[in-house]
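Chain and residue survey
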Amino acid sequence: MKQGSIFEPDGCPRLGEALPLALQHVVAMIVGCVTPAIIVAGAVPGGMDSRDKVILIQAALVVAALSTLLQLFPIGSKTKFALGSGLPVIMGVSFAYVPSMQGIAESYGVAAIFGAQIVGGLVAVIMGILVKKIRLLFPPLITGTVVFTIGLSLYPTAINYMAGGTASATYGAWQNWLVAFFTLGVVTVLNHFGKGIWKLASILIGMAAGYLLAIPFGMVDLSSVGQAGMFQVPTVLHFGVEFEPSACIAIGILFAINSIQAIGDYSATTMGAMEREPNNRELQNGIVGYGVTNALGALFGGLPTATYSQNVGIVTTTKVINRWVLGLAAAILGVAGIIPKFSALLTTIPQCVLGGATVSVFASIAMTGMKLVSTSEMNYRNSSIVGLAAALGIGVSQAQAALASFPEWVATIFGKSPVVLATIIAVVLNLILPKPRKEAKAEPAPAPEFQCPEAPEIPQ
């Protein structure tokens, strides 16, 4: 391997130069990658046992690492249809799927999530092949509405976690709120006053500070760490796979949306760090690769992954586009994923600490959605689309008893998560509502590129 510059896509830079840059990417996304797994585990009726919870976190890290490596080093790069974009991006478990996954886990268990994820992966493959035609259905107004709804729908999760978790005997205790607000305070201060690594790792540092404060209150139990092994590779079908039609529809719609949103991250990466737009082949192969890795990842218990916008931000800021640097970051994630003791340590984080750290992330997601919406003129038509989609999506999910007389599949698709209903309403209204006369006469222009966080996401 020839010596290469960190500012060039190919070539292997010195380890001393690449390692700090790789760790920067790991620090920025690792909390966001494992938190959805922890939330989903908590949504299982009766709670998931500690061993399975560790395996779910392990799989999240390992599959994120493999998905990233496929994007960096595509399979079949010299053929017409390759798997992977070849662009400097980082993949991780996405918060966009969390509301729907919570509902599915509560009703059908995690096996139904992975069955739906396989279907969703196939949807993403189709989206990748047809990306140029289908993306017209998702202009920034629609994607912004969806992202805004995702952020709003996650607020109750954060608040319940800040209070200690609904399954906890100490739910709502003042100690939980103290630790949660302390964690939130550290994150907020570092976000606004920190510089360099202090700002970049604000979520991680805030959680560490909250974790230490929680110890004197007896909130930390390290017994699971002692019981965990030193080395373990995720096994195939440990959680099983079930194809529940309503779950497949709900997750499939989200995969279609995230396939389009990935264009924003790919475009932000190339335009910000490489001074060009991604070509159609890169977009197609990147989204197809995203679909394939999600379908295969489901077999190993890895929850849905997507491009991470906070890592896109690092790439565009530093201009470091060397694929071996980001590949080293993926390797670090993979190594962490096959060490059960590391994953077990993450399961000991008190829920109030997670809530204090993630509430700002969810707020960031909602605000990003508003920014995307604001790129369109907020006339009466567009305001109606955003308002009705968000109102009905959030409203129905918060009043699930209103769907009690409907079949269970209706409640799963439209009532468990506001995102699906909000998306369908936004797309349909955008197609049928008449555009203002001035806008209707204008020549149609390609939808502007957009960037949406997954998690900050954690910082999506």
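None of the values given here were measured: they were computed from a predicted structure.

Here the largest pocket is characterised by a volume of approximately 1200 Å³. Residue composition of the lining of the largest pocket, grouped by class: 20 nonpolar, 25 polar and five charged.

With that settled, consider the environment of Ser50. Mapping Ser50 onto the fold places it in helix α2 (residues 50-72). Placed 16 residues apart in sequence, Ser50 and Val34 show a C-alpha to C-alpha distance of 15 Å.

What follows deals with unusual backbone geometry. Generally, phi is negative for residues other than glycine and the peptide bonds are trans, each holding for most cases. Located in the positive-phi region is Leu237, a residue other than glycine, with phi close to 60 degrees. Tracing the backbone through its elements, the reader meets Leu237 in the loop between α10 (223-227) and α11 (245-273). Leu237 sits in the partly exposed class, given a relative accessible area of 45%.

Another aspect to go through is the side chain of Arg381. Here Arg381 lies in helix α17 (residues 380-398). Taking relative accessible area as the criterion, Arg381 reaches 7% and is therefore assigned buried. Separated by 2.6 Å, the side chain of Arg381 and the backbone oxygen of Asn430 make a polar contact.

This part is about the packing of helix α6 (residues 140-162) against helix α16 (residues 351-374). Helix-helix packing: each pair is described by the crossing angle between the helix axes and the interaxial distance. Orientation of α6 relative to α16, taken along the N-to-C sense of each, is 165 degrees, at an axis distance of 7 Å. Put simply, α6 runs roughly antiparallel to α16. As for the relative orientation of α6 and α16, their crossing is left-handed in sense. Its residues placed into classes, the contact of α6 with α16 shows 21 nonpolar, ten polar and no charged.

Bringing helix α7 (residues 174-193) into the picture now. Taking 1.5 Å of rise per residue, the 20 residues of α7 would be expected to cover 28 Å, and the 28 Å separating its terminal C-alpha atoms lies within 8% of that figure. Within the sequence span of α7, burial applies to Asn176, Val179, Ala180, Thr183, Leu184, Val186, Val187 and Leu190. Here the buried residues of α7 occupy an arc of 155 degrees about the axis, which is enough to place them on one side. The exposed residues of α7 that point more than 90 degrees off its buried face are Trp174, His192 and Phe193.

To continue, consider helix α14 (residues 323-337). For α14, which comprises 15 residues, the first-to-last C-alpha distance of 21 Å matches the rise-based estimate of 21 Å (1.5 Å per residue) to within 8%. Those residues of α14 that fall on the buried side of the exposure criterion are Arg323, Val325, Leu326, Gly327, Ala329, Ala330, Leu333, Gly334, Ala336 and Gly337. The backbone nitrogen of Trp324 lies 2.8 Å from a side-chain oxygen of the residue at the head of α14, namely Asn322.

Rules used in this analysis
- Residues numbered from 1 in each chain as written.
- Predicted model: local features only at pLDDT ≥ 70, side-chain atom pairs only at ≥ 80, totals over all residues.
- Heavy atoms only, no water.
- 1 Å grid on protein atoms, 1.4 Å probe; cavity = no way out; pocket = protein on both sides within 12 Å on 5 of 7 lines; lining within 4 Å.
- Points joined across faces, edges and corners; volume = space filled by probe spheres on them.
- Nonpolar A, V, L, I, M, F, W, Y, C, P; charged D, E, K, R; others polar.
- Helix = DSSP H or I, 4+ residues; strand = E, 2+ residues; numbered from the N terminus.
- Buried < 20%, exposed > 50% of the residue type's maximum accessible area, 1.4 Å probe, protein only.
- Polar contact = N/O pair within 3.5 Å; in protein donor to acceptor, adjacent residues only side chain to side chain.
- Axes fitted to C-alpha atoms, helices over the stretch in contact; angles between N-to-C directions.
- Parallel < 35°, antiparallel > 145°, perpendicular 65-115°, else oblique.
- Left-handed = near helix turned anticlockwise from the far one by under 90°.
- Expected span 1.5 Å × (residues − 1).
- Arc of directions from axis to C-beta.

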